[in-house]
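# Coordinate analysis (summary)
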Amino acid sequence: MVGTPEVLPPSTSVGIVGWLKANLLSSPVNVALTVVVGTLTAIAAVAMARWLVSADWSPIHESLKLFLVGQYPSEELWRIGAVVVGATALMGVSWAVWGGVMRTFARIVAAAGLIVALTPIEPAGFDLAVRLWYLGSAASVALGFAVGRAASLGPKWVIRAWALAFFLGMALIWGFDERSLGSSLRMLFGAGATLTVVLAGAGWVGRFPLAVVLRWLAWGWAVVFVVTIVMAWGLGQTDLAPRVNTSRWGGLLLTFVLAIVGIVASFPIGVLLALGRRSRLPVLKGLSVAFIELVRGVPLVTLLFMTVVIVPLFLPQGTSFDLVLRAVFAITLFSSAYMAENIRGGLAAVPLGQIEGAKALGLGGFQTMLFIVLPQALRAVIPAIVGQFISLFKDTSLVVIVGLLDILGIGKSLFLGNVRWFGAQAEVYLFVAAVFWVFTFAMAYASRKVEESLGVGSR
Amino acid sequence: MTSESSENRTESIVCRDVHKWFGTFHVLRGLSVTIYQGEVVVVFGPSGSGKSTFIRTINHLEDHQRGEIVVNGVALTHDVRNIDAVRRDVGMVFQSFNLFPHLTVIQNITLAPRRARKWSRERAEATAVELLERVHIAELADKYPAQISGGQQQRVAIARALAMQPKIMLFDEPTSALDPEMIKEVLDVMRELATSGMTMIVVTHEMGFAKEVADRMMMFDEGTIIESGTPAQIFDNPQNDRTKLFLSQIL
Ligand SMILES: Nc1ncnc2c1ncn2[C@@H]1O[C@H](COP(=O)(O)OP(=O)(O)OP(=O)(O)O)[C@@H](O)[C@H]1O
Ligand SMILES: [Mg+2]
C-alpha cells in the first residue's frame, strides 16, 4: 500500500485478492476489524452448522398442513388450491402484461411450485393430490402467461381481474350454505348500503358531478345484486362450497387473509381519511382528525381486545360477529389511520402549481384530485406505504392474543399439545421467521422495483 | 393582430373597477379595462405591481373582492359551474410550465379534453398530434416532461392549453424561467398564435416581442394600469414618468 499515489483511479477488475485488499485489509485498523469480525462469524457459523445438523424438523414435517391452513377441513382443501391456482394464473397474465417485477415473481412462484411438487421428502398428508395442486400452480403461471400474450390484454383488464379474483377467492374460501345465506345476504346489503352512504357523502362533500356518483352507485348495486343472486340460487342450493367456519381457519391461510383484507380495505379508507383531514369542512376534518389520532394513540393489541371483547357487548343480543371478521376490522382500522397519515404527507408534497395547472385547464376539483394530485401523492409515498404493509403483515401475528391461530400461533400451539416437540422450539420459530421473511422481502423488493420503474415519470 | 380601430369589435374580457386584497394588502386597486376579440395585449411593469394577480383573476385562480369581471359574456362569480365554464375557454401558460410530471407529453395534452370536454381518446390524440406539430415538437409525444428541455416543456404547456380550444390565452412571463437560447423558440410559437387571431394577454418583459406583436401595451404599477397604448405610443412617446423610468431601466 505504501507509496501508492492516491490520485490513481482504483482498478476495478483485480479479482478476489484485489477486492480483499481494497475492502477488508486497507489499513491496520481495517485488518484488525476483519480478523475480529471474521472470527466471530466463523464461530457463529460453526455453531449454526452444528445445530442445523442435529435440528429436529419433525414438528414442521408432521404438521405442515396446520402451518399452511390450520384446521381447514381436508375435504375442502381444493378450494384453497383453486384460489392459489387462480392467483398464480393471474400472476402469469400480469407477467405477460407488465413484465418487470411481475416476471421475477411469476418465475419464482412457478419454480417453487415445481420444486415442491417434485421434492422427494414427504411431509405428513403430502399426497399425490397435493403435489398435483403445486404442479397445477406452476402450470397455471405458464398458462396465464400464454393467455396474456395471446389476448394482449390491457392493464386495466388485469387490474379488474385481480379485483374480481379477490372477492371470488374470499367467497370461495369462506363458502356458502343455506345456514349462512341469511348472514351473507345481510352482509351484502350492509355493504351496498354503506357504499351508498359513503358515495352520497363523498359526492356532497367533494362536489363530485352527480353523474359520477350515480354511475358508481349503479355499478356497486349491480355487483351486490349479481353476487346475491348467484349465492342464493346457485351456491346456496348446492353443497358445492359449504361454509367453513372461520374458527377453523389458521396458519399461513389466516395470516394471508388478515393481511390481504387489511391491506385492501385500509387503502381506500386511508385515502378518504387523508382527504377528510385536508378538507375545508370543519365537521369532516374534525371527524377525520379525531379518528386518526385516536387510533394512532392506541396499540394494535388494545384495538384487537376492544373489537373482540368490548364491541360485542354493545351489539344487540343474538347477533354474532365472527371472530376473524372482528380481527380484520381492528387491523383495518389500525392500518387505515397510519395509511391516512402517509398519504397526507404525499398530498402535501404535490406543488400548488400542479393544482393550478389542472384548474386552469377547466378540470373540476374531483378530476384534479383523481388524475393529478392523488397519482403524484401516492407515487411519492410508495416506500412509506409498502413499509406500512410490511409491518401490517407482521403485525397480523398479534391475533394470537385473541385466540386466533395464524402461522405463529400454530407454531406456539404445537408445544402446548405435544411434549414430544418441546425440544424443537428453535426449529419451529426459525421456520415461522423464515416464512415471514420471504414474504416481507418480496414486498420490499417489489416496492423498490416499482419505484425504479416510476422514476422516469417523477420530476 | 387585428387593427385597433374598427367600431363594433366583440368584447372578450371586461373588467370594471376590480379590487383585490391579500389580507390587508391592496393588490388590485380599481382596474377597468376592456379587451376585444383577437387583440394581443402585453402587460408589463415592476415586480409586485399585480400583473400576475390580474391575469389570474381572469380565470379565477384568484378571486376578486369588488368590481366585475365578464369573460366571453359570463360574469365571474363564486358559482362553480361558471368558473369551470370560463376556465375551459381560457387557456393559461405559467412561468414554471406546471406540466404534469407523471404523464407523458401526449397524456398531458389529452387529459383535459378527454375529462373536461368528454372527447374520445382518438379525437383528443389526433388533436394533440396536430398541436404538437404546430409547436414543432411532434417527435416528443411519448416523452415525460423531465426528459425534455425547458423550451420544449413550455411549448408543450402551450399545446396543452390550446387543446381545450380556448378563445383566450393568458401568458404569465412564459419565457422568464428559460435559458436565452430557448426563449426564441417559445416566442416564435406565441407569435404564430397571435397571427392566427387568438385573443392573448401576455405578461412579459420581452420588449422586442411586444413591439412586434402587441396591439396594445399596458403598464402596471401599484395595482392599476397607469398607462396604455400601442407599442409605438409606449416606446416612442410615453406620457407617464414612471413608464419612462421603467422602460429606461429595462431597455
Ligand atoms: N397568495 C398571496 N398572498 C399574499 N400576497 C400575495 C400573494 N400573491 C401575491 N401576493 C403579493 O401581491 C403583490 C402582487 O403580486 P403579483 O404576483 O401579482 O406581482 P407581479 O406584478 O406579477 O410581480 P412579478 O413581476 O414579480 O411576477 C406582491 O406584492 C405579492 O407579494
Ligand atoms: Mg408575476
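Quick caveat, the model's predicted, so the values are computed rather than measured.

### Remarks on the nonpolar core
- Formed by 60 residues in total, the largest nonpolar core has its most connected members in A:Phe67, A:Tyr72, A:Trp249, A:Leu253, A:Leu258 and A:Val399.
- Leaving out residues up to four positions away in the same chain, A:Trp249 has contacts with A:Val69, A:Tyr72, A:Ile173, A:Trp174, A:Val244, A:Leu254, A:Val257 and A:Leu405.
- In terms of nonpolar packing, the next biggest core, distinct from the first, is built from 49 residues, B:Val105, B:Ile106, B:Ile148 and B:Val186 among them.

### Points about helix α15 (residues 352-360) of chain A
- By the burial criterion, the buried members of α15(A) are A:Gly353, A:Gln354, A:Glu356, A:Gly357, A:Ala358 and A:Ala360.
- On the buried face of α15(A), the contacting elements are α16 (365-380) of chain A together with α1 (51-58), α2 (80-89), β6 (90-93) and α5 (150-162) of chain B.

### Section: the sheet that holds strand β3 (residues 40-44) of chain B
Residues and elements named next belong to chain B.
- Strand order in the open sheet formed by six strands is β6-β7-β8-β3-β9-β10, with mixed pairing between adjacent strands. Each end of this open sheet is capped by a strand with a single partner; those strands are β6 and β10 (224-229). Here the average twist between neighbouring strands, direction ignored, is 20°.
- Here four bridges tie β3 to strand β9 (residues 216-221), and the two strands are oriented parallel to one another. Bridge pairing in β9 links Val-42 to Met-217.
- Sitting on the sheet, α1 is in contact with β3, β6, β7 (168-172), β8 (199-203) and β9, with an inclination near 155° to β7.

### Let's talk about the packing of helix α17 (residues 382-395) of chain A against helix α19 (residues 425-454) of chain A
All names here are of chain A.
- At a closest axis distance of 10 Å, the pairing of α17 and α19 adopts a crossing angle of 170°. It follows from the interaxial angle that α17 and α19 lie roughly antiparallel. Two secondary-structure elements touch here, α17 through Ile-382, Pro-383, Val-386, Phe-389, Ile-390, Phe-393 and Lys-394 and α19 through Phe-436, Phe-439, Thr-440, Met-443, Ala-444, Ser-447, Val-450, Glu-451 and Leu-454.
- Taken together, the residues that form the contact of α17 with α19 break down as twelve nonpolar, two polar and two charged.

### Let's talk about the interface of chain A and chain B
- Across the boundary between the two partners, chain A contributes 21 residues, which contact 25 residues of chain B.
- Taking both partners together, chain A and chain B bury about 2000 Å²; carbon and sulfur atoms supply 64% of that area.
- Between the two partners, chain A and chain B, sit one salt bridge.
- The closest approach of N and O atoms between B:Arg56 and A:Glu356, which form a salt bridge, is 2.5 Å.
- At the boundary of chain A with chain B, the tally comes to six residue pairs in polar contact (both at pLDDT 80 or more).
- Mapped onto the side of chain A that touches chain B, the elements with two or more residues apiece are α15 and α16 of chain A.
- No other element matches the seven residues that α15(A) contributes to the side of chain A that touches chain B.
- Split into classes, the residues belonging to the side of chain A that touches chain B amount to eight nonpolar, nine polar and four charged.

### Looking at the sheet that holds strand β4 (residues 66-71) of chain B
Residue and element names in this part refer to chain B.
- In space, the four strands of this open sheet follow the order β2-β1-β4-β5, with antiparallel pairing throughout. Taken across any chain shown, the strands that pair with only one partner, and hence form the sheet edges, are β2 (25-36) and β5 (74-75).
- Across two bridges, β4 lies against β5 in antiparallel orientation. From the neighbouring strand, Val-70 faces β5, where its bridge partner is Ala-75.
- Contacts from α1 reach β1 (11-22), β2 and β4, with the element oriented near 60° to β2.

### Regarding unusual backbone geometry
All names here are of chain B.
- One non-glycine residue with positive phi stands out, namely Lys-118, at about 60°.
- Position of Lys-118 among the secondary structure elements: in the loop between α3 (105-116) and α4 (121-134).
- Backbone geometry at Gln-165 places phi at a positive 50°, although glycine is not the residue there.
- Relative to the helices and strands, Gln-165 is located in the loop between α5 and β7.
- Residue classification places Gln-165 among the partly exposed residues on the basis of a relative accessible area of 47%.

### Things to note about the confidence of the model for chain A
- On average, residues of chain A carry a pLDDT of 83, and 88% of them reach 70 or more.
- No element of chain A has a lower mean pLDDT than helix α9 (residues 178-206) of chain A, which averages 71, and none a higher one than α15(A), which averages 95.

About the criteria used
Counting restarts for each chain: residues are numbered from 1 in the order of the written sequence. Starting at A for chains and at 1 for ligands, labels are handed out in the order in which the entities are written. Confidence filtering applies because this is a predicted model: local features only for residues at pLDDT of at least 70, side-chain atom pairs given and counted only at 80 or more, and all residues used for totals across whole chains, interfaces and linings. As a rule here, side-chain values cover all heavy atoms of the structure and leave hydrogens and water aside. Residues grouped as a nonpolar core are buried Ala, Val, Leu, Ile, Met, Phe, Trp, Tyr and Cys residues, joined through side-chain atoms within 4.5 Å. Relative accessibility decides the category of a residue: with a 1.4 Å probe and only protein chains considered, values under 20% of the type maximum give buried, values over 50% give exposed, and everything between is partly exposed. Residue contacts are defined here by distance: any two heavy atoms, one from each residue, within 4.5 Å place the two residues in contact. A run of H or I in DSSP becomes a helix once it reaches four residues, and a run of E becomes a strand once it reaches two; helices and strands are each numbered from the N terminus. Two strands are counted as paired when DSSP detects at least two bridges linking them. Here an angle of 0 to 180 degrees is reported between the N-to-C directions of two axes, which are lines fitted to C-alpha atoms, with helices fitted over the stretch in contact. With respect to orientation, any angle under 35 degrees is reported as roughly parallel, any angle over 145 as roughly antiparallel, any angle of 65 to 115 as roughly perpendicular, and every other angle as oblique. Classification used: nonpolar for Ala, Val, Leu, Ile, Met, Phe, Trp, Tyr, Cys and Pro, charged for Asp, Glu, Lys and Arg, polar for all others including Gly. Buried area is calculated as the accessible area (1.4 Å probe) missing from two parts once they are joined, with the contributions of both summed. We count a salt bridge whenever a side-chain nitrogen from Lys or Arg sits within 4 Å of a carboxyl oxygen from Asp or Glu. Within 3.5 Å is the distance limit for a polar contact, defined as a pair of N or O atoms, with the added protein rule that one can donate a hydrogen and the other accept it, and that residues adjacent in sequence qualify only through two side-chain atoms. Each residue carries a pLDDT score, the predictor's own confidence in it, on a scale running from 0 to 100.

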